[in-house]
Amino acid sequence: MTPDTTTYDVVVIGSGAGGLSAAIAAAHGGASVLVAEKAETCGGATAWSGGWMWTPRNLFAHADGVNEDRALPRTYLEHRLGDNFDAAKVDALLDGAPEMVEFFERQTALQFVPGAKIADIHGDTPGAGTGHRSVGPKPVRLRKLGPDVAALLRRQLYETSFLGMGIMAGPDLQAFLHSTRSAKAFVHCARRVSTHLLDLATTRRGQHLVNGTALVGRLLRSALDAGVEIRVGTAATALTTDSDGRVTGVRLAGPDGAYTVHARRGVVLATGGFSHDLDRRRELFPRTPTGREHWTLTPSTTTGDGITLGESAGGRLDRSLASPVAYCPVSIIRYRNGKEGVFPHILDRGKPGAIGVLADGRRFVNEGLGYHDYTLAMVEQVPDGEEVCSWLIADQRYLRYFPLGMAKPLPIPTWPYLKSGYLTRGRTVRELAEKIGVDPDGLEKTVAAFNEGARDGVDPEFDRGTTPFTAGSGDPDNPWPNPALAPLEQGPFYAVKVVPGSFGTFAGLVTDAASRVLNDENQPVDGLFAVGVDQSSVMGGHYPSGGINLGPAMTFGYLTGRRLASTTGVSR
């Protein structure tokens, strides 16, 4: 038995930020909308993300008196993207982002908090912002969103939680990092943990949503309120076209069998990219000869379905980007049940008292820069023929206050991570180096040179802590002169192995500024659109700021949905 409704104005394939944004905007414009999601829950990689969106010139910035000219963020992107700068798409993003934020804030269940202190990554680049260019989802209780949302929502990624409890960047995170140094912070953390444990005891699920789960949860509530139909466990297997090649619908396979749904105005591809497609990884990712030398943080369902569907209708995958992948350094944790977890090193690299080194014991990058920068440097600088990896090194003082990968600071014990082999400990720097297979002389020399500068608050090699972003990645209460630097001198010393991973892919289908999929002649494939990471990144394979995946996903999704809901549409 197939579903009763087989014709909609808009059919969206995928339920991450881009797909849900498009669905909600189209539905608010009066269109009938179906969202088909292959997984049994909604949210994809968005649900496991930090939830922050790069959205310059938004209404929260204006409320704080920050009224940037569009030329400033545009200049920043011109300098950072170089030959990959696409003026039409960048202008569409910069014009559409403020409109998108205002729409969701004022007309839907998605509410935001401002990123007033979140700086762009490369602060020495013309046009770089020191804050007020991003928004994140406002935390929310799952009960408030309703049981229909709870049934659809993907759960928090365990590796980025504490006992399954998400911690939000900003005051919440700072409180956890200062729980042993501040009575006020301790009370905040005790309240958060006790409430979470009570939720687990009474509902078997955390109720306080932050980061990506808050974003997807609020988007789902907004979609359902707007009348969007959502079908999970439903994969798109083929596009249907008419005699002119216009995309007219989608062939779906779900709990009710295989069937076709028709789309009057357009089909939107938003399936989350191809992070788990081994063949494409092997072809496109550098230093990945078998496709398995890479650990992604995206769900296993991100197998490139949207790319395959788009190519079947005449679209093409963009191979011209600076990087095909949005890198993140990760470590692999092996659980007692034999399963493996992937942990993203976002927070720890830039904290005072930690450095990253290669097998020769030398530092290779400013550890406080963005996660993409760290991993890209690792991929580029590890000699050919050697395993692409690095080690984060820290001392005992660091472990009192900060996490090192999944190992939490005091009062959480480190022995489980030492026992499992996730962490390695040495009484001296040399002993640690010998245990992890790093050149002992090289590491001793590196630590001695780093310590000499760190005591004076300087990093002659990489200038860590000299820009708003790298200083902000440090610790404002650091007793040393630079918030991002502290010497490694209190043994024992610790190390965690770091390997290349990703938050998703940059290489997607080539589109125009209206998100229309383009064919080999750069002409639109009628009726077919791509948003999120199914659309080739507007950043051209660069990572100039946090939130440059979700910000464009939400913005181009919103703009696409709004156009599809208009009386004339843009499908032709």
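Nothing here was measured: the structure is a model prediction, and the numbers come from that model.

(A) Fine view of the environment of valine 342. Looking at where valine 342 falls in the secondary structure, it is placed in strand S16 (residues 340–344). Placed 11 residues apart in sequence, valine 342 and serine 331 show a C-alpha to C-alpha distance of 5.9 Å. Those residues within four positions of valine 342 in sequence are excluded, and the remaining contacts are Glu159, Trp295, Thr296, Leu297, Val330, Ser331 and Ile332.

(B) Structural detail: the environment of tryptophan 54. With respect to the helices and strands, the residue tryptophan 54 is situated in strand S3 (residues 53–54). According to the relative accessible area criterion, tryptophan 54 is buried, its value standing at 1%. Along the primary structure tryptophan 54 and leucine 550 are separated by 496 residues, whereas in three dimensions their C-alpha atoms are 7.2 Å apart. At 3.4 Å, the side chain of tryptophan 54 and the side chain of serine 545 are in polar contact.

(C) Quick peek at the UniProt feature "domain: FAD-dependent oxidoreductase 2 FAD-binding" (unreviewed entry) in the protein chain. As annotated in UniProt, the feature "domain: FAD-dependent oxidoreductase 2 FAD-binding" (unreviewed entry) corresponds to residues 9–550 in the numbering used here. The distance from the first to the last C-alpha atom of residues 9–550 is 25 Å, and the span holds 31% helix and 20% strand.

(D) Region of interest: helix H12 (residues 371–381). Of all 11 residues in H12, eight are buried, a share of seventy percent or more. Where H12 is buried, its residues meet strand S15 (325–334), strand S17 (354–357), strand S18 (390–395) and strand S20 (493–505).

(E) Structural view of the side chain of threonine 125. Within the secondary structure, threonine 125 is located in the loop between strand S4 (112–114) and strand S5 (134–137). If we ignore the near neighbours within four places in the chain, the residues touching threonine 125 are Tyr76, His79 and Arg80.

(F) Region of interest: the nonpolar core. Grouped together as the largest cluster of nonpolar side chains are 157 residues, with contacts concentrated most on Phe104, Val267 and Ile393. When near neighbours in sequence (up to four residues on either side) are disregarded, valine 267 contacts Val11, Ile13, Leu239, Val247, Gly249, Val250, Gly527, Leu528 and Phe529. Formed by six residues, the second largest nonpolar core is a distinct cluster that contains Phe162, Phe176, Ala185 and Cys189.

(G) Local environment of the packing of helix H3 (residues 71–81) against helix H4 (residues 87–107). Interaxial distance between H3 and H4 falls to 11 Å at its minimum, and their mutual angle equals 145°. Crossing hand, H3 versus H4: right-handed. Counted together, Pro73, Arg74, Leu77 and Leu81 of H3 and Ala87, Val90, Asp91 and Leu94 of H4 form the full contact between these two elements.

Calculation rules
Residues numbered from 1 in each chain as written. Predicted model: local features only at pLDDT ≥ 70, side-chain atom pairs only at ≥ 80, totals over all residues. Heavy atoms only, no water. Helix = DSSP H or I, 4+ residues; strand = E, 2+ residues; numbered from the N terminus. Contact = heavy atoms within 4.5 Å. Buried < 20%, exposed > 50% of the residue type's maximum accessible area, 1.4 Å probe, protein only. Polar contact = N/O pair within 3.5 Å; in protein donor to acceptor, adjacent residues only side chain to side chain. UniProt positions renumbered as here; feature names shortened; annotations may be inferred. Core = buried A, V, L, I, M, F, W, Y, C linked by side-chain atoms within 4.5 Å. Axes fitted to C-alpha atoms, helices over the stretch in contact; angles between N-to-C directions. Left-handed = near helix turned anticlockwise from the far one by under 90°.

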